[in-house]
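Overview (structure and organization)
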Amino acid sequence: MSSVSVTESADCLQVQGHVQYDTPDHITPSNVHTSPLEQFHIWFNQAREANVREPDAMSLSTATTSGIPSSRMVLFKQLDKRGFVFYTNYTSRKSRELEQNPRAALLFFWREMSRQVRVLGRVEKLSKEESEEYFKSRPVGTRLGAWASHQSSVIGEDDLVHRLAEVQERFGVQASDKEGDVPLPDFWGGWRVIPSEVEFWLGKPSRLHDRVRYLRVEGSPDDQPQWTIDRLSP
């Protein structure tokens, strides 16, 4: 049964309550790591150890050049010294918007721990070699799916089934096969979000949450950025 109570009428759905957060730990600028990437590494491992369901799921928000936003859930795949990496079809809506407006926002929500991590930054494409290395590690079925799906385009009822059959025939493998040579498509690869702002949020009673924000010092290099760390009011 949900912890959320609602009242409903013919033209309105109103949420009346929500579970109270009550986490025992605290975060402040004095007890977090000096690097938000290292702090994220710590929290991500703690989420894994706490058996958070899909700790790698994150909301990705993009916007058109006229400021129309869109969000969707994607999978976080890598953290390196420059930022956060995910992979997708380069002809998808998210990629088209990132090409036109190379800024993105990420949000991780680990409900079981009452934690959030919010990331803002500019984006860059990964090299073909980086994308290819990851693509080869994917199961055969998902590699075939990358070829079959014209992501974000309108399709007919059976189009995807027919496209999958075509690529299976083209590469001589089946989606259920354990091994097979399915190359990286030219229209598929990785994006990296290079953060300029990262916020760590910890749920507390009465909505008096802990919030710690990192802001990149202007002009500091991407590979060795410097940060100012502040506590924010909830």
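Above: the structure in question.
Residues numbered from 1 in each chain as written. Predicted model: local features only at pLDDT ≥ 70, side-chain atom pairs only at ≥ 80, totals over all residues. Heavy atoms only, no water.

Take the packing of helix 4 (residues 140-148) against helix 5 (residues 159-171) next. Two elements in contact, helix 4 and helix 5, have axes whose closest approach is 9 Å; the angle formed by their N-to-C orientations is 115 degrees. Our pair here, helix 4 against helix 5, has a crossing hand that is right-handed. Facing helix 4, whose interface residues are Leu144, Trp147 and Ala148, helix 5 presents Leu160, Arg163, Leu164, Val167, Gln168, Arg170 and Phe171. The class makeup of the residues in the contact of helix 4 with helix 5 is seven nonpolar, one polar and two charged. (Axes fitted to C-alpha atoms, helices over the stretch in contact; angles between N-to-C directions. Helix = DSSP H or I, 4+ residues; strand = E, 2+ residues; numbered from the N terminus. Left-handed = near helix turned anticlockwise from the far one by under 90°. Contact = heavy atoms within 4.5 Å. Nonpolar A, V, L, I, M, F, W, Y, C, P; charged D, E, K, R; others polar.)

Right, let's get into the nonpolar core. Core analysis: the largest hydrophobic core is formed by 32 residues, its most contacted members being Phe40, Phe84, Phe108, Trp110, Val117 and Phe200. Looking at this core, the elements with two or more residues in it are helix 1 (36-49), strand 3 (57-63), strand 6 (84-89), strand 7 (103-110), strand 8 (115-125), strand 9 (188-202) and strand 10 (210-216). (Core = buried A, V, L, I, M, F, W, Y, C linked by side-chain atoms within 4.5 Å. Buried < 20%, exposed > 50% of the residue type's maximum accessible area, 1.4 Å probe, protein only.)

On to the packing of aromatic side chains, then. What the rule picks out here adds up to 22 aromatic pairs. Here the aromatic rings of Phe108 and Trp110 are separated by 5.9 Å at their centres, their planes lie at 50 degrees, and the arrangement is tilted. Side by side, Phe108 and Trp110 carry an identical accessibility label, which is buried. Connected via pairs of aromatic rings, a cluster forms that spans Phe40, Phe44, Phe76, Phe84, Phe108 and Trp110. Lying over the aromatic face of Trp43, Arg115 brings its terminal NZ or CZ to 4.2 Å of the ring centre. The ring of Tyr90 carries the charged tip of Lys125 above its face, separated from the ring centre by 4.1 Å. (Phe/Tyr/Trp six-rings, centres within 6.5 Å; stacked < 30°, edge-to-face > 60°. Lys NZ or Arg CZ within 6 Å of the ring centre and 35° of its normal.)

What follows deals with the side chain of Ser92. Mapped onto the elements, Ser92 comes out in the loop between strand 6 and helix 2 (93-100). A residue is classified by how much of its surface remains accessible, and Ser92, at 0% relative accessible area, is buried. Apart from the residues lying within four places of it in its own chain, the contact partners of Ser92 are Gln151 and Ser152.

If you add up the space inside the largest pocket, you get close to 320 Å³. Taken together, 15 residues make up the lining of the largest pocket; nearest its centre are Tyr87, Thr88, Arg138, Gln151 and Trp188. Looking at the lining of the largest pocket, the elements with two or more residues in it are strand 4 (69-75), strand 6 and helix 4. A total of four residues in the lining of the largest pocket trace back to one element, the largest contributor, which is strand 6. (1 Å grid on protein atoms, 1.4 Å probe; cavity = no way out; pocket = protein on both sides within 12 Å on 5 of 7 lines; lining within 4 Å. Points joined across faces, edges and corners; volume = space filled by probe spheres on them.)

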